[in-house]
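The primary structure of each chain is shown beneath.
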Amino acid sequence: MLNSLRAIIQEVHSESEVGRVLEVIVERIHEAMGVDVCSVYLCDDENDRHLLVASHGLDPEAIGNTALKKGEGLVSYVAGRAEPINLKNAKLHPRFKLIEGIGEEIFPSFLGVPLISARRVHGVLVVQGQEERRFDEQEEAFLVTLGAQLAGVIAHADAMKGVPFVHQPSQPQIPVDARFQGLRGAPGIAHARAIVVQAPLQPESVGRREVTDIDQELEQFERALAQAREEIAALAGRLEGRVGKDEQAVFDAYQHMLDDNSLPAEIRAKIREGSWAQGALLEVVSEHSRAFANFEDEYLRERAADVRSIGRRLLDGLTEIGREQRDLSEGIIIIGEEITADIVAGFDQKYLKGIVSTRGSANSHVAILARALNVPTVVGAVDLPILDLEGQELIVDGHYGRVFASPSKQLADYFESVIEEEAEFNDELTALKDEPCETRDGLRIRLWVNIGLASDLTRSLDMGAEGIGLFRTEVPFMTSQTFPTEEEQRLIYREQMEAFNPRPVTMRTLDIGGDKSLSYFPIREDNPFLGWRGIRVTLDHPDIFIAQARAMIAANADLECQLRIMLPMISNLLEIEEACALIDRAYAESREEGLKVKRPQIGAMIEVPAAVYQARHIAAKLDFLAVGSNDLTQYMLAVDRNNSRVADLYQELHPAVIWALREVAVAAHRESKPIGICGEMAGSAAGAILLVAMGYDVLSMSASNIPRIKWVLRQISLMQARKILARVLRMSDAQEIREFMRKQILSLGLERMMPVHVPEVFKASA
Ligand code: PEP
Ligand code: MG
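Residues numbered from 1 in each chain as written. Chains lettered and ligands numbered in written order. Predicted model: local features only at pLDDT ≥ 70, side-chain atom pairs only at ≥ 80, totals over all residues. Heavy atoms only, no water.

Moving on to the coordination of the magnesium ion (ligand 2). As a benchmark, a tetrahedral metal site with four donors has ideal angles of 109.5 degrees, while an octahedral site with six donors has ideal angles of 90 or 180 degrees. Protein-derived ligands of the magnesium ion (ligand 2) are Glu 607 (OE) and Asp 631 (OD), with the metal-ligand distances lying across 2.0 to 2.3 Å. Taken together, the positions of Glu 607 in the loop between strand 19 (601-606) and helix 20 (609-613) and Asp 631 in helix 22 (residues 629-637) put the pair 24 residues apart, joining distant regions of the chain. Like Glu 607, the residue Asp 631 is buried in the burial classification. (Donors = N, O, S within 2.8 Å, 3.2 Å for Na, K, Ca; no water. Helix = DSSP H or I, 4+ residues; strand = E, 2+ residues; numbered from the N terminus. Buried < 20%, exposed > 50% of the residue type's maximum accessible area, 1.4 Å probe, protein only.)

Turning our eyes to something else, we now look at the pairing of strand 2 (residues 49-56). The side chains of a regular strand alternate, residue by residue, between the two faces of the sheet. Most of strand 2 sits inside the fold, with six of its eight residues counted as buried. Where strand 1 (residues 37-44) hands over to strand 2, the hairpin turn is made up of four residues, of which Asp 48 adopts a positive phi near 55°. Sheet topology note: the strand 2/strand 3 (residues 67-69) ladder contains three bridges and is antiparallel. The residue bridging His 50 from the neighbouring strand is Leu 68, located in strand 3. (Pairing = 2+ DSSP bridges.)

In the structure shown here, the tally under the stated rule is eight aromatic pairs. Look at Phe 477 and Phe 483: their rings are 6.1 Å apart centre to centre, the planes differ by 75°, and that puts the pair in the edge-to-face class. A relative accessible area of 2% places Phe 477 in the buried class. Members of the aromatic cluster, joined through ring pairs, are Phe 477, Phe 483, Tyr 520, Phe 521 and Trp 532. Residue placement shows Arg 564 over the ring face of Phe 624; its charged tip is 3.7 Å from the ring centre. (Phe/Tyr/Trp six-rings, centres within 6.5 Å; stacked < 30°, edge-to-face > 60°. Lys NZ or Arg CZ within 6 Å of the ring centre and 35° of its normal.)

On to the sheet that holds strand 5 (residues 109-117), then. Strand order in the open sheet formed by six strands is 3-2-1-6-5-4, with antiparallel pairing between adjacent strands. Each edge of the open sheet carries a strand with a single partner, namely strand 3 and strand 4 (85-87). Sheet twist, expressed as the average angle between the axes of neighbouring strands with direction ignored, equals 20°. Bridge count for strand 1 against strand 6 (residues 120-129) is six bridges, and the pairing is antiparallel. Counted as the bridge partner of Val 40 is Leu 125 from strand 6. (Axes fitted to C-alpha atoms, helices over the stretch in contact; angles between N-to-C directions.)

The buried fraction of strand 11 (residues 352-357) is high, at five of six residues. Of the strand pairs in this sheet, strand 10 (residues 332-336) and strand 11 are connected by five bridges, and their pairing is parallel. Bridge pairing links Ile 333 to Gly 354 in strand 11. In this sheet, strand 12 (residues 377-379) lies alongside strand 11 in parallel orientation, the contact comprising two bridges. Bridging from a neighbouring strand, Ile 355 pairs with Thr 377 of strand 12.

Structure, rendered in structure tokens:
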């Protein structure tokens, strides 16, 4: 049974349509366990029942037509208890209820397991047999294991409204004030028309459609095909001479897949059989990418991604996706499955009002970019019916991670008034630009900027940034086709330093690995966040490190501004010694070349728990410390900052994180070294108040947060902040701290920093 378990799981994962998954699973379980009946019942909450959606052994006519009211029968009993029930003779159980006419009468033995995903019961998987016996432990374990796999598939399909029988095949009509929940990406409200910039390549999201005119479907497909061929040729042309032969070969492979005899022939055949163009495309693409994905050979497996990429391009052509962005004359909200930083960068900022993606989480880089650009953003909105929203009016509520579609006039007016209030507040804040960031009792705090994802230097200075607290140098590396040369790097760094001169500039050495990869330097690891990342990579490649250090030092020549070189992902003192030796060498070489350069200050990022407890030793060896709270939170709490499934557990106000931050501040003070922070936490009102109370000298944040944080800190005293911190340090729970901080912010009269509250009337879910 163990072998069949693996085979079934593999088969389930290679199917892309949930209807097929259900059919496969009941058939394979029947074969592997030798049971007479295997069925799946799903919760149909709208109709308060459990609906039979797949079965081997029961009357096929009953599928989709037979249901048990919630609370009735053994299926409801399993769902209610959220535990398996294993019965020798089901008929003797008080909860047994016979459904007449579906062929169930003759099966006494019963084993039902709940289908649970993310704590929610989605349905029940049942096996039944003619022989009166209890199923043994192995059989039970087998069914529980498959139930867990099936639950994941159903939960996803349920979110996409794609479960057969439970949802209608297609629901293009979006109800008024339809609400979709996601995660906060960037605060603020946007109200504009939606443009789909990236279609999800999934049958559930494309839906189904009756075809009345096959020729029209074919014609539409031919147009999309011609467009995809043109785009591929143009892309290849653009890169010619800039990339090597191997990379160019990828485009040849794409063109080959678009050859008349290749994928298009199969898609046309399916359309001629009566499928609509999008459906035919998805079917063919899924078949091929599945075939490639099953290969042992890694090269062939990778080709699955090529097929999907071609599929997505054709689908975009069919759905007219991406056309409108060229000709914008009004504000838009871009929506897509996985909106990356380059997609955002491709839009004219004047018109980009909001961003919504079905993937990602609050600390993925697109969310950081959106905050830097001040564009209200919701990420991880998994159940957003992307394609149905093309051209629709949307409201993005980045404060609460919500999206409203087809808003009523009442809802739209309400949010318009909130937008107006926020704009007024922003205008008031610009008046603070040249005022110092000083608490009411005279403590001066430095507000610096994090730069790199948006190299908007002027904007940072306009917002009142007093220095650069973090320049993410990996960004120019990521946008380049090869490692940038030392001179190319020098020019990039020089631009930042000249713009900020005489203010201090903190340059972080290359922090690749984790979720930041270079196409020309791939790192493949099972556990990249715990692997070859940050300083670990560059110390293993001293050539890269020293070239970067020399470029930074040379960029600083003849300038008054203080260069600070910052080392990411430090987890032991040896790394510091090695890095300092290399920087010393770079400094000596630059002087030998005759450059007029100052010795750079060197500091470490504290973002690994080990560094928290060695902070004093680290501070003793260096010029400054800066906490990277984004990673520190992820490593302290063992929560991947990009994983929307555990996003609720990513809590910067977790007591463990707060105590760690305090520990680092105390260590730096004992060594009389400056202590800063450059994670996103510094840009929130609650974070800034607590950090100031702990004694952080420098708060570095996205440019758009600078005026708000200055406004907050100018209205409180260090005394007040310390009292708040003292109470927080006595709390043991993140939720309690969050709620306490919310109340404190309100009682300090800082409610304008709080997200708006939508009246209850709008809260009903779509
Ligand atoms: C951090 O980890 O807090 C940080 C500032 O670095 P990054 O977000 O680039 O990993
Ligand atoms: Mg980091």
